[in-house]
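Residue-level listing of the chains:
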Amino acid sequence: MTDLIEVIQNKFPDLVESSHSQCGDQTVVLKKEGLLTVMKYVQHEPSLHFNMLMDLTAVDYWAQLRKPRFDVVYHLYSTTKNHRLRIKVQVSEKECEVDSLTSFWPSANWFEREVWDMFGVKFKGHPNMKRILMYEEFKGHPLRKDYMYNKRQPLVGPVN
Amino acid sequence: MELTAPQKENIQKIEHSNLFTPGFFSSKVSEVVGWARKNSIFQFPMVTACCGMEYMSVACSHYDIDRFGAGFPRFSPRQSDVLFVVGTISHKMAPVMKRIYEQMTEPKWVVAFGVCTCTGGFYDNYATVQGIDTIIPVDVYIPGCPPRPETVIDGLIKLQEKIEHSGFESRPGK
Ligand code: SF4
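Scope of this entry: the structure provided in the associated data block. (Residues numbered from 1 in each chain as written. Chains lettered and ligands numbered in written order. Predicted model: local features only at pLDDT ≥ 70, side-chain atom pairs only at ≥ 80, totals over all residues. Heavy atoms only, no water.)

Turning our attention to the overall build of chain B. When you go through chain B residue by residue, the secondary structure sums to six helices and four strands. Ordered by position from N to C terminus, the α and β elements of chain B give α-α-β-α-β-α-β-α-β-α. In chain B, the proportion of contacts linking residues at least 24 apart, taken out of those at least 6 apart, comes to 75%. (Helix = DSSP H or I, 4+ residues; strand = E, 2+ residues; numbered from the N terminus. Contact = heavy atoms within 4.5 Å.)

Our focus in this paragraph is the environment of A:M52. Residues and elements named next belong to chain A. With respect to the helices and strands, M52 occurs in strand β3 (residues 52-60). Its relative accessible area of 36% is what places M52 among the partly exposed residues. Separated by 55 residues in the primary sequence, M52 and S107 have C-alpha atoms spaced 8.5 Å apart. Excluding its chain neighbours within four sequence positions, the residues that come into contact with M52 are H75, L76, Y77, T79 and W105. (Buried < 20%, exposed > 50% of the residue type's maximum accessible area, 1.4 Å probe, protein only.)

All names here are of chain B. Within the open sheet, the four strands sit side by side as β1-β2-β3-β4. Their pairing is parallel. Of all strands in the sheet, those bounded by a partner on one side alone are β1 (43-47) and β4 (140-142). Averaged over all pairs of adjacent strands, the angle between their axes in this sheet comes to 15°, without regard to strand direction. Here strand β3 (residues 109-113) runs beside β4; their pairing, made up of three bridges, is parallel. Paired with V111 across the two strands is V140, which belongs to β4. (Pairing = 2+ DSSP bridges. Axes fitted to C-alpha atoms, helices over the stretch in contact; angles between N-to-C directions.)

Let us now look at the packing of helix α3 (residues 51-59) of chain B against helix α6 (residues 149-164) of chain B. All names here are of chain B. It is the contact of α3 with α6, at a shortest axis distance of 9 Å, that shows an interaxial angle of 70°. In this view, α3 runs roughly perpendicular relative to α6, as classed from their interaxial angle. On the side of α3, the interface is formed by E54, S57 and V58, while α6 contributes P149, V152 and I153. Considering only residue class, the contact of α3 with α6 consists of four nonpolar, one polar and one charged. (Parallel < 35°, antiparallel > 145°, perpendicular 65-115°, else oblique. Nonpolar A, V, L, I, M, F, W, Y, C, P; charged D, E, K, R; others polar.)

Every residue lining the ligand is accounted for by B:A49, B:C50, B:C51, B:G87, B:T88, B:V115, B:C116, B:F122, B:Y123, B:G144, B:C145 and B:P146. Looking at the shell around the ligand, its residues break down into nine nonpolar, three polar and no charged. (Near = heavy atom within 4 Å.)

Residues and elements named next belong to chain A. Inspection of the entire model under this criterion finds 13 salt bridges over all chains. The salt bridge partner of D25 is R86, with a shortest N-O separation of 3.8 Å. Placement of D25 in strand β2 (residues 25-30) and of R86 in strand β5 (residues 83-91) is noted, with a sequence separation of 61 residues between them. On the basis of relative accessibility, which here comes to 24%, the residue R86 falls in the partly exposed class. The salt bridge involving R66 is made with D71; its shortest N-O contact spans 3.0 Å. (Salt bridge = Lys/Arg side-chain N within 4 Å of Asp/Glu carboxyl O.)

Attention now moves to the environment of B:M104. Residues and elements named next belong to chain B. Position of M104 among the secondary structure elements: in the loop between α4 (94-103) and β3. Under the relative-accessibility criterion, M104 is labelled buried at 3%. Here the alpha-carbon distance between M104 and A5, two residues 99 residues apart in the chain, equals 47 Å. Ignoring any residue separated from it by four or fewer positions in sequence, one finds M104 in contact with P77, S80, D81, V82, L83 and W109.

Our next topic: unusual backbone geometry. Cis geometry marks the peptide bond from B:E106 to B:P107, where omega comes out at -5°. Residue placement: B:P107 occurs in the loop between α4 and β3. The omega angle of the peptide bond from B:C145 to B:P146 is -10°, so this bond is cis rather than trans. Here B:P146 shows up in the loop between β4 and α6. In this model, A:W62 sits at a positive phi of 40°, which is unusual for a non-glycine residue. Relative to the helices and strands, A:W62 is located in the loop between β3 and β4 (70-78). Judged by relative accessible area, A:W62 falls into the partly exposed class, the value being 38%. Located in the positive-phi region is B:D64, a residue other than glycine, with phi close to 55°. Topologically, B:D64 is positioned in the loop between α3 and β2 (82-86).

Listed below in structure tokens is the structure:
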């Protein structure tokens, strides 16, 4: 198995924040501004060839516990090389925005809308940055840790 | 075979409860209408989640709700008289369900199929309606996650009893 962490670290030493690997799952934490550069590289470099964005999601580590508050997580897979890589970008609550990957992998389109809907992280350059699961009238982002679990916003009927 | 006394009594009871006891015919139109309605249920299955699998198994030949006259699902609310709400109803779906209910012609009945529709089930969260009876009136609740086909048939029989005795009134108090 190629050591993907090493490849990326050698290529972009000043864009990589940290990295770790557990049970063969290799993870690279990138600086926010380096996201597009690295993603473009891993997609087009023939020895890596990550042609598939399997998943894109976010994690909220509660503002009191960690700053910056959010992680946006990308799971990449290469169908030709059969290897995987996880890339993370840390996003603060204040500047809740990262670059959109819709121009690289079309599958990012709906994933990014979901992350916006559930966590309120915006994606710069997304063609249609709207809610995807909740209705337009919905206020707030339900998967944020400070969204009260029993807060209800029904469209019709009583609040219960 | 000799029948025991309780058995005979039972048979008598059944015969008396039958609308068409040999030699007699009910003179009450409401009873005839009730009998006809309960045996020709045209249901509208509004299937939104996993309970749908169980609905399919009751509807198909294994359990076969056609035996109860409810074998013909209609996919237009205008042509149906029982709304089967099968599966989780989210707040986003709730206006749609209400609309479907309003589009149905009287007389109409509603069955809540599965705990999700009865109470919200274990989805105590931002997205799920905590019981469809907060939005539309419900006649029969079928609990279970998902309910076994036997439970569904039991619920259907209860609904039939209700329909039979509701006469021309489609809904008590209306
Ligand atoms: S009651 Fe259970 S099986 Fe039925 S829709 Fe809810 S979760 Fe699914």
